[in-house]
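Each chain, letter by letter, is given below.
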Amino acid sequence: RIVINVSYLADVLQTALGDGSRFGCELIYSVEAEPLESGGGVATASAYFRSTSVLIISADIYSDFDYARLLAPAAAIEKGRQRAHFVMVPPTPGEPGGEFALDDRAHIHAGEPRLTLANIAVLATKPCQTWPRGERFKLLPHYQSWVAADRVSGECFRGVWCNVTRVDDVARLNAL
């Protein structure tokens, strides 16, 4: 079961992908009348969450990350041991980032050296379902409070990962 936040050209994406049956999955569309930022999008989509943890992946990244690696962190979240698990990447030159650090116990903290959120995370669904739906807000302040409470684990991924938000990003990715 995959929930996709859609806004701009939502009908085009829905027509192209359909209900997911040809991919062997169920696709659910959380339609935003206007883009709601990361937090608003997750909060609005949370109406469709069925489990106690959810994998969140931004659509504007490309990576060869093995998502099966997130099964153990998801199980820890489901047992209430933590609030989230973030996949982090080394800072990319010329890109904003450097939100958090990772210690040798796989805990995310606010120290140094800073790594960049890869926009791949496992979150506990309960907090997401308390956030206001249909409102625009960012996830980062929530992430910061969870990190401050020492409720977030993480890992540093050093494989292929790139943010694909500009035309030159697509050209660079196609060159790979």
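Residues numbered from 1 in each chain as written. Predicted model: local features only at pLDDT ≥ 70, side-chain atom pairs only at ≥ 80, totals over all residues. Heavy atoms only, no water.

Help me understand the overall build of the chain, please; the structure alone is not making it clear to me.
When you go through the chain residue by residue, the secondary structure sums to six helices and ten strands. The C-alpha extent of the chain, read off along each of the three principal axes, is 45 × 40 × 30 Å. Considering only residue pairs separated by 6 or more positions, the chain has 70% of its internal contacts joining residues 24 or more positions apart. On the chain, roughly 9,900 Å² of surface is accessible, and the fraction owed to carbon and sulfur atoms is 55%. (Helix = DSSP H or I, 4+ residues; strand = E, 2+ residues; numbered from the N terminus. Contact = heavy atoms within 4.5 Å. Areas by Shrake-Rupley, 256 points an atom, 1.4 Å probe, with all protein chains shown as cover.)

Is there a simple way to think about the confidence of the model for the chain in this case?
Detailed reading of the predicted model is not advised wherever pLDDT is low. Looking at the chain as a whole, the pLDDT averages 94, with 99% of positions reaching at least 70. The weakest mean pLDDT in the chain belongs to helix 6 (residues 167-175) at 87; the strongest belongs to strand 5 (residues 84-89) at 98. (pLDDT = per-residue confidence, 0-100.)

Help me understand the packing of aromatic side chains, please; the structure alone is not making it clear to me.
Think of a pair of aromatic rings as described by two things: how far the centres are apart, and how the planes are tilted against each other in angle. Evaluation of the coordinates by the stated rule reveals seven aromatic pairs. Three or more aromatic residues link up through ring pairs in this structure, and these residues are F86, F100, W131, F137, Y143 and W146. (Phe/Tyr/Trp six-rings, centres within 6.5 Å; stacked < 30°, edge-to-face > 60°.)

Looking at this model, I keep getting lost on the pattern of salt bridges. Mind explaining?
Two side chains of opposite charge can pair, provided their charged atoms sit close to one another. Scanning the model with the defined rule gives nine salt bridges in all. Of the charged contacts in the structure, one is a salt bridge between K138 and E37, with a shortest N-O distance of 3.1 Å. One end of the pair, K138, is in the loop between helix 4 (125-128) and helix 5 (140-148); the other, E37, is in helix 2 (residues 37-45), and 101 residues separate them in sequence. Of the charged contacts in the structure, one is a salt bridge between R166 and D169, with a shortest N-O distance of 3.2 Å. By sharing partners, the salt bridges in this structure join R166, D168, D169 and R172 into a single network. (Salt bridge = Lys/Arg side-chain N within 4 Å of Asp/Glu carboxyl O.)

Teacher, can you tell me more about the sheet that holds strand 3 (residues 53-57) here?
Backbone hydrogen bonds hold the strands of a sheet together, and the pairing may be parallel or antiparallel. Read across the sheet, four strands follow the order 3-8-5-9 without closing on themselves; strand pairing throughout is mixed. Of all strands in the sheet, those bounded by a partner on one side alone are strand 3 and strand 9 (152-156). Ignoring which end each strand starts from, the neighbouring axes of this sheet average 20° apart. Contacting strand 3, strand 5 and strand 8 (116-124), helix 3 (residues 71-78) crosses the sheet at an angle of about 45° to strand 8. Contacts from helix 5 reach strand 5, strand 8 and strand 9, with the element oriented near 75° to strand 8. (Pairing = 2+ DSSP bridges. Axes fitted to C-alpha atoms, helices over the stretch in contact; angles between N-to-C directions.)

How should the environment of S51 be read in this particular structure?
Within the secondary structure, S51 sits in the loop between helix 2 and strand 3. Taking the C-alpha atoms as reference, S51 lies 27 Å from A16; in sequence the two are 35 residues apart. Within polar-contact distance, the side chain of S51 engages the backbone oxygen of S53 at 2.4 Å. (Polar contact = N/O pair within 3.5 Å; in protein donor to acceptor, adjacent residues only side chain to side chain.)

Even after reading the chapter, I still don't get the pairing of strand 9, so can you show me in this structure?
Along any regular strand the residues' side chains alternate between the sheet's two faces. With respect to burial, strand 9 is a largely interior element, four of its five residues being buried. One ladder, built from five bridges, connects strand 5 with strand 9; its direction is parallel. Directly across from A84, in strand 9, lies its bridge partner V152. (Buried < 20%, exposed > 50% of the residue type's maximum accessible area, 1.4 Å probe, protein only.)

Looking at this structure, how should I read helix 5?
Quick reminder: α-helices carry 3.6 residues per turn. Residues three or four places apart thus point the same way. Within helix 5 the residues assigned to the buried category are Y143, W146 and V147. The buried residues of helix 5 all sit within an arc of 100° when viewed along its axis, so they share a single face. Looking at the packing, one finds that the buried side of helix 5 touches strand 5, strand 7 (108-109), strand 8, helix 4 and strand 9. Directly after helix 5, the chain includes D150, whose backbone phi takes a positive value near 55°. (Arc of directions from axis to C-beta.)

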